[in-house]
Amino acid sequence: MSYTPQSIEEKWTSHWQNSGLYRTPETPKNPYYVLEMFPYPSGQLHMGHVRNYALGDCVARFKRMQGFDVLHPMGFDAFGLPAENAAIKNGIDPEKWTEANIQSMIIQLQQLGLGYDWDRSIATCRSDYYKWNQWLFLKMAEKGLVYRKKGFVNWDPVDNTVLANEQVIDGKGWRSGAVVEKREIAQWYIKISDYAQELLDGLDTLSGWPERVKIMQRNWIGRSEGTEVDFALSHAPQDKLTVFTTRPDTLFGVTYVVLAPEHPLVQTVIAKGNADSLADYVQKTLAKSTAERGDANAKKTGMALGLSVIHPLTQAEIPIYVSDYVLMDYGTGAVMAVPAHDSRDYDFAQTFGLPQQQVISPDTGDYDTTSAYTGTGTLIHSGPFTGLSSDVAKSTISQTLVDTEQGKVVVQYRLRDWLISRQRYWGTPIPFLVDADDAYHPVPLEQLPVMLPKDVPFDGKGNPLCRAPEFMSVTINGKEYRRETDTMDTFFDSSWYFLRYTDAKNTELPFSKVASEWLPVQQYIGGIEHAVLHLLYARFFTKVLRDLGLHTHDEPFQNLLCQGMVLKDGSKMSKSVGNTVDPNHIISKYGADTARLFILFGAPVERDLEWSDTGVDGSFRFLNRVYRMLSHPEEFKLTASEAEWNKQLHKTIQRVTEDIERFSFNTAISRMMELVNWIYTHGTKPEGVAILLQLLAPFAPFLAEEGWSILGKKGSIHESPWPLFDLALTIDETVTIVVQINGKVRDKLEVARDSDQETIQKLALASEKTQKFVGELQIKKMFVVPNKLINIVVA
């Protein structure tokens, strides 16, 4: 009997589906929720998917065998740009394109032996899901977390449509090739900033998250304490220009004020006319990425606005400039420029010939006028504040501004409110109506979902929803409205899907109170690229939905694992590079168990995995060796003592169990390989093969199930209890003691466990290798670490 994985895997895939093996209990008694980030339904799995899902499936199977009620669902993040682009390019209905891809991917996921509860599957593009997107949006609006304001978008002037950043290639529209413009249009925002401090504080409770992810979120939220300073406009003193600064101690060094191109005052100047050069500059600047504009080493550009402000404490008139290095997303979009003490301000001042005024004297006394001094010190040239230290001056000057009603002390966050409007078809319609007076009204809850219309034109010109009359016009209680045609950012869809899985068939609410029994997700698995946006939005949603009374938890994910990428020839797998590996090819040649085993064995989970055809062959050979133990049991009669066998078996159970619990899957597999090698040399007791199969079951579920059946065991191996080890049988009677001479390893000794210091010293000194290195030297001291090492210090 030879190992033929294809027939084995096909048989058990069908059996598992028909038996409902992975169906989740409705009410958990001992819950464990494991979840991998759900995929976009591109239609084709890649090896990165295989790694992600094999990791989660291994954990789910292990926990199920340990007696937990496991929730392990899968769905599809199905709205988004690729489907709409496919519709435009190929004339395909995005719904049909997406649904076909979903069905294709379900088949591929089942072929991998992934134990999902498909009864709880969701697809965010289906109305039974996006109805609840709309319901949650309206509940947020009731809570005051939703508003509209103007914001800049990428505008294709030929196709007359808004473009996503991904659709702008070298500053031109991906389809028309036209130079993309920036246009300001009214859009929908969610007030995530209301939760900024709680999102920041909550990171301290996430002990099961990688520290680098928490650092990235802390930086993204970006809490800073400082002062808002009001500068009166020279031409209209009743109007104020507010800046935010963390260095109020440098206020007397301000020589100009600089605005972001998006600042409302800049737009006001442009709107008044005779400002073509300014409008051109703004368009060119807005075409740059945030990274380009934030590059401290980039050449600063800008121009004078033609306006000025009055310094709040000196009453000096100060010019206003606009520049690319100021971002609207931080502070107020206006900066008080202090060239003597800020490097970016210094570079801009040098470029435009603007003056600088030193107001901080370094405590060292050294000051270089060829660069900005950005440290602290003692104030000079600062009126009544001269002589104060920077720390004292910060609070003193701030208090003076507060007392004179020209400023206030504030806590500022880098986190901006979430722009969720998308001027595209394939997304959740925003559930608002617009009356004849352009006033916005929420769609009544009982009229949800607002469905996407069928048979709309996909020619790349404008938003298809705007050209769907049956969608646009609606009458409620005899009053005519037009529908909002913006759809939601797809991050909205993925910010709460993990909650829907807990009650996926609920038609009355997004989910019921049962969600509180499953949450938090005990183990969440996904790529580091989602460290900020998705994970931050999911945390935000969890807190908002808690405040809406829908569940009782503060955080969505207790533990987070960010797996490494799968590489080939040293590079990330990519179709453009031509180094991809098709999982279907590996499965058809070697079987899914081999693909799973290699992907889990090839590298520690958090490191990148280099694809290796040799490694795949090695995994396949190992499974063949296991199968031979099933097909030729007569070859593996135990020749060692029963005590030796028990020790080998129980040590393996202990190590595999502990390795899985700490996500060291590669070493767990290595332990099983060592056991198989031992069995091939010394044989096994009959129950040994069954226990080996149980240990292997989370990694190679098909072969384990087949072997369980061959052994005549009842039920599924995946419902059998995880093997337990006897700790007493895992302890070796002897240990290896490392012998060091002046800290360098010179010998190793096998000694009885828990030998006393005197015995270890005598054995070490009697060693020929020790005598060779000690020679005639004098022994100064000997240090013994029980059961580990002895260090002999000689001189």
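Coordinates for the structure precede this section.
It should be emphasised that the depicted structure is a prediction, and the values quoted were computed from it without experimental measurement.

Visitor: Sorry, what's going on with the packing of aromatic side chains here?
Guide: The geometry of an aromatic ring pair is captured by two quantities: the separation of the ring centres and the angle between the planes. Tallying each qualifying case throughout the model produces 46 aromatic pairs. An angle of 90° between the planes, with centres 4.9 Å apart, marks the rings of F62 and W722 as edge-to-face. In this pair, F62 is assigned in helix α2 (residues 47-65) and W722 in the loop between α24 (701-710) and β29 (734-741), connecting sequence segments 660 residues apart. With a relative accessible area of 6%, W722 lands in the buried category. Where F498 meets F557, the ring centres are 5.0 Å apart and the plane angle is 65°; that geometry is what we call edge-to-face. Residue F498 is found in helix α15 (residues 497-500), and its partner F557 is found in the loop between α17 (533-547) and β25 (560-561); the two are separated by 59 residues along the sequence.

Visitor: Could you clarify how one ought to interpret the nonpolar core in this entry?
Guide: Among the nonpolar cores identified, the biggest contains 170 residues, and F492, Y497, F665, L696 and F699 are the most heavily contacted of them. The biggest single contributor to this core is α2, with 10 residues. Every residue in contact with F699, bar those within four places of it in the chain, is listed here: C58, R596, L597, L600, I660, F665, A668, I669 and M672. Listed in part, the 45 residues of the second largest apolar core include L278, V309, I318 and L401.

Visitor: Any chance you could explain the pairing of strand β3 (residues 146-156) here in plain terms?
Guide: Two faces, one strand: in a regular strand the side chains alternate between the faces of the sheet. Note: β3 against strand β7 (residues 181-190), 10 bridges, orientation antiparallel. Paired with W155 across the strands is E181, a residue of β7. Examined bridge by bridge, β3 and strand β4 (residues 161-163) share 3 bridges and lie antiparallel to one another. When the bridges of β4 are listed, W155 appears paired with V162. Here β3 folds back onto β4, and the loop between the two strands holds 4 residues, one of which, N160, carries a positive phi near 50°.

Visitor: Would you explain the sheet that holds strand β20 (residues 440-442) in this entry?
Guide: Pairing between sheet strands relies on hydrogen bonds along the backbone, with the strands arranged either parallel or antiparallel. With respect to topology, 4 strands assemble into an open sheet ordered β20-β19-β22-β21, the strand pairing being antiparallel. If you trace the sheet from one side to the other, it starts and ends with β20 and β21 (473-476), each paired once. When strand polarity is set aside, the average angle formed by the axes of neighbouring strands in this sheet is 45°. Note: β21 against strand β22 (residues 479-483), 4 bridges, orientation antiparallel. If you follow V474 over to β22, its bridge partner there is Y481.

Visitor: Got a minute to help me understand unusual backbone geometry in this structure?
Guide: Across residues other than glycine, the phi torsion is negative in most instances, and most of the peptide bonds are trans. For the bond from L448 to P449, the omega torsion is 5°, close enough to zero to count as cis. Within the secondary structure layout, P449 lies in the loop between β20 and α13 (469-472). At the junction of L519 and P520, the peptide bond is cis and its omega measures out at -10° in the coordinates. Position of P520 relative to the elements: it lies in the loop between α16 (514-518) and β24 (523-525). Even without being a glycine, D455 presents a positive backbone phi close to 55°. Here D455 shows up in the loop between β20 and α13. Look at N477: it is not a glycine, yet its phi comes out positive at around 55°.

Visitor: Would you explain the sheet that holds β24 in this entry?
Guide: Strand order across the open sheet formed by 4 strands is β2-β1-β24-β25, with parallel pairing between neighbours. Strand pairing shows two members of the sheet lacking a second neighbour, β2 (69-71) and β25, which therefore form its edges.

Visitor: For this particular structure, what's the right way to read the environment of H46?
Guide: Tracing the backbone through its elements, the reader meets H46 in the loop between β1 (31-36) and α2. H46 sits in the partly exposed class, given a relative accessible area of 42%. Residues H46 and A668, 622 residues apart in the sequence, show an inter-C-alpha distance of 24 Å.

Visitor: Help me understand helix α25 (residues 757-766), please; the structure alone is not making it clear to me.
Guide: For an α-helix, the turn length of 3.6 residues means that residues three or four places apart are oriented alike. Turning to α25, its buried residues are I760, Q761 and A764. The arc enclosing the buried residues of α25, seen along the axis, measures out at 100°, which places them on a common side. Of the residues in α25, the exposed ones pointing more than 90 degrees away from the buried face are K762 and A766. The elements touched by buried residues of α25 are β29, β30 (744-752), α26 (768-774), β31 (779-785) and β32 (789-794).

Visitor: How do you make sense of the packing of helix α23 (residues 686-696) against α24 when you look at a structure like this?
Guide: Helix-helix packing: each pair is described by the crossing angle between the helix axes and the interaxial distance. In the contact formed by α23 and α24, the axes pass within 8 Å of each other and the chain directions differ by 155°. With respect to their mutual orientation, α23 and α24 come out roughly antiparallel. The crossing of α23 and α24 is left-handed. Taken together, the residues of α24 that come into contact with α23 (itself represented by A690, L693, Q694 and L696) are L703, A704, G707 and W708. Class assignment for the residues of the contact of α23 with α24 results in 6 nonpolar, 2 polar and no charged.

Scoring rules and cut-offs
- Residues numbered from 1 in each chain as written.
- Predicted model: local features only at pLDDT ≥ 70, side-chain atom pairs only at ≥ 80, totals over all residues.
- Heavy atoms only, no water.
- Phe/Tyr/Trp six-rings, centres within 6.5 Å; stacked < 30°, edge-to-face > 60°.
- Helix = DSSP H or I, 4+ residues; strand = E, 2+ residues; numbered from the N terminus.
- Buried < 20%, exposed > 50% of the residue type's maximum accessible area, 1.4 Å probe, protein only.
- Core = buried A, V, L, I, M, F, W, Y, C linked by side-chain atoms within 4.5 Å.
- Contact = heavy atoms within 4.5 Å.
- Pairing = 2+ DSSP bridges.
- Axes fitted to C-alpha atoms, helices over the stretch in contact; angles between N-to-C directions.
- Arc of directions from axis to C-beta.
- Parallel < 35°, antiparallel > 145°, perpendicular 65-115°, else oblique.
- Left-handed = near helix turned anticlockwise from the far one by under 90°.
- Nonpolar A, V, L, I, M, F, W, Y, C, P; charged D, E, K, R; others polar.

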